[in-house]
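# Understanding the architecture of this molecule
One letter stands for each residue in the lines below.
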Amino acid sequence: MFINQRIELKVTYKQGIFVLDDVLSDKQVRDFDLGIKKFNVINDYVVRQLNTWNEIKFAHPLLKIASKYFNFKSHYRYEVWEHLGTRPKNWHIDKDEILDDQQGITDCPLFGLIYYPSVQYLRGGNLLFRNGITIVPQTNRLVIHSPPVIEHRVDEYEGYRHSININTWNKKKLGVL
């Protein structure tokens, strides 16, 4: 017998940043892990591409949760990368790095998602926003931030910290307006 349970998410909101805990069910976590392993994650922003909705099926549960807080359009594209044992060291904003490098134009995504599929034995590694908000990574936590122009960085850390990052764009290709 299958029992359909409604799970209430714990949501914290401050200054354009949503923090949601225990966002995926155990089955969704397993499906996400399988999907991200099959997906070709490109961490080098110079060759990173935007993906369509159908190309990132593994992330649909996360994006559906985000759609409760932001309006989605069918033509949006998604930039996906991960940090596994790495971190952005400097304060930065999420932007089209190619357009910035080539033309000096800052173009930012509509909003960004940071999902922590696994965090273990972590000391440090907090997500810091320039506006004073600090988020402690934890397994199965989703952070949605908008506007993405809030500068942020990650503290040095010891332990295991895996994040999947997804920026939502209203354009088809990076490097152009």
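Notes on the structure follow. (Residues numbered from 1 in each chain as written. Predicted model: local features only at pLDDT ≥ 70, side-chain atom pairs only at ≥ 80, totals over all residues. Heavy atoms only, no water.)

Attention now goes to the sheet that holds strand β5 (residues 127-129). One open sheet holds the three strands; their spatial order is β6-β5-β8, and the pairing between them is antiparallel. Either end of the sheet is taken by a strand with one partner, and the two such strands are β6 (134-135) and β8 (152-154). The pairing of β5 with β8 spans three bridges and is antiparallel. Across the sheet, the residue bridging to L128 is R153, located in β8. (Pairing = 2+ DSSP bridges. Helix = DSSP H or I, 4+ residues; strand = E, 2+ residues; numbered from the N terminus.)

Across the sheet, which stays open at both edges, the six strands sit in the order β1-β2-β7-β4-β9-β3 with antiparallel pairing between neighbours. Strands at the two margins of the open sheet, each flanked by one partner only, are β1 (10-14) and β3 (77-84). On average, adjacent strands in this sheet sit at an angle of 15 degrees to one another, irrespective of strand direction. (Axes fitted to C-alpha atoms, helices over the stretch in contact; angles between N-to-C directions.)

A few words on the pairing of β3. Most of β3 sits inside the fold, with seven of its eight residues counted as buried. Where β3 meets strand β9 (residues 157-169), eight bridges bridge the pair, whose relative direction is antiparallel. Of the residues in β9, the one forming a bridge with Y78 is T168. (Buried < 20%, exposed > 50% of the residue type's maximum accessible area, 1.4 Å probe, protein only.)

Mapped onto the secondary structure, K171 falls in the segment after β9. Judged by relative accessible area, K171 falls into the buried class, the value being 10%. Engagement of the side chain of K171 in a polar contact is seen with the side chain of D96, the distance being 2.6 Å. Of the polar contacts made by the side chain of K171, one reaches the backbone oxygen of V176; its length is 2.6 Å. (Polar contact = N/O pair within 3.5 Å; in protein donor to acceptor, adjacent residues only side chain to side chain.)

Following the criterion strictly, the structure yields ten salt bridges and no others. The salt bridge partner of D21 is R141, with a shortest N-O separation of 2.5 Å. With D21 in strand β2 (residues 17-21) and R141 in strand β7 (residues 141-145), this residue pair connects regions lying 120 residues apart in the sequence. D21 gets classed as buried once you look at its relative accessible area, which sits at 10%. Since its relative accessible area comes to 11%, R141 is described here as buried. Close ionic contact of R153 with D155 constitutes a salt bridge, the shortest N to O distance being 3.6 Å. Judged by relative accessible area, which is 21%, R153 ranks as partly exposed. Judged by its relative accessible area of 22%, D155 falls in the partly exposed class. (Salt bridge = Lys/Arg side-chain N within 4 Å of Asp/Glu carboxyl O.)

In terms of nonpolar packing, the biggest core is built from 26 residues, with L113, L142 and I144 touching the most fellow members. Those elements giving two or more residues to this core turn out to be β2, α1 (26-38), α2 (60-66), β3, β4 (111-124), β7 and β9. The element contributing the most residues to this core is α2, with four residues. Other than its neighbours up to four places away in sequence, L113 contacts L62, L63, A66, L142, V143, I144, I164, N165, I166 and T168. (Core = buried A, V, L, I, M, F, W, Y, C linked by side-chain atoms within 4.5 Å. Contact = heavy atoms within 4.5 Å.)

Attention shifts here to the side chain of R48. Secondary-structure assignment places R48 in the loop between α1 and α2. Within the structure, the side chain of R48 is placed 2.8 Å from the backbone oxygen of N43, a separation counted as a polar contact. Only 2.9 Å separates the side chain of R48 from the side chain of E79, close enough to count as a polar contact.

The next subject is the packing of aromatic side chains. Considering all chains together, one arrives at ten aromatic pairs under this definition. On the basis of an interplanar angle of 75 degrees and a centroid distance of 5.4 Å, the ring pair of F72 and F111 is categorised as edge-to-face. Residue F72 is located in the loop between α2 and β3, and its partner F111 is located in strand β4; the two are separated by 39 residues in the primary sequence. Judged by relative accessible area, F72 falls into the partly exposed class, the value being 22%. The rings of F18, W53, Y69, F70, F72, Y76, Y78 and F111 are connected pair by pair, giving a single aromatic cluster. R130 extends its terminal NZ or CZ atom over the ring of W91, reaching a point 4.2 Å from the ring centre. It is R161 that lies over the ring of Y157; its NZ or CZ is 5.9 Å from the centre. (Phe/Tyr/Trp six-rings, centres within 6.5 Å; stacked < 30°, edge-to-face > 60°. Lys NZ or Arg CZ within 6 Å of the ring centre and 35° of its normal.)

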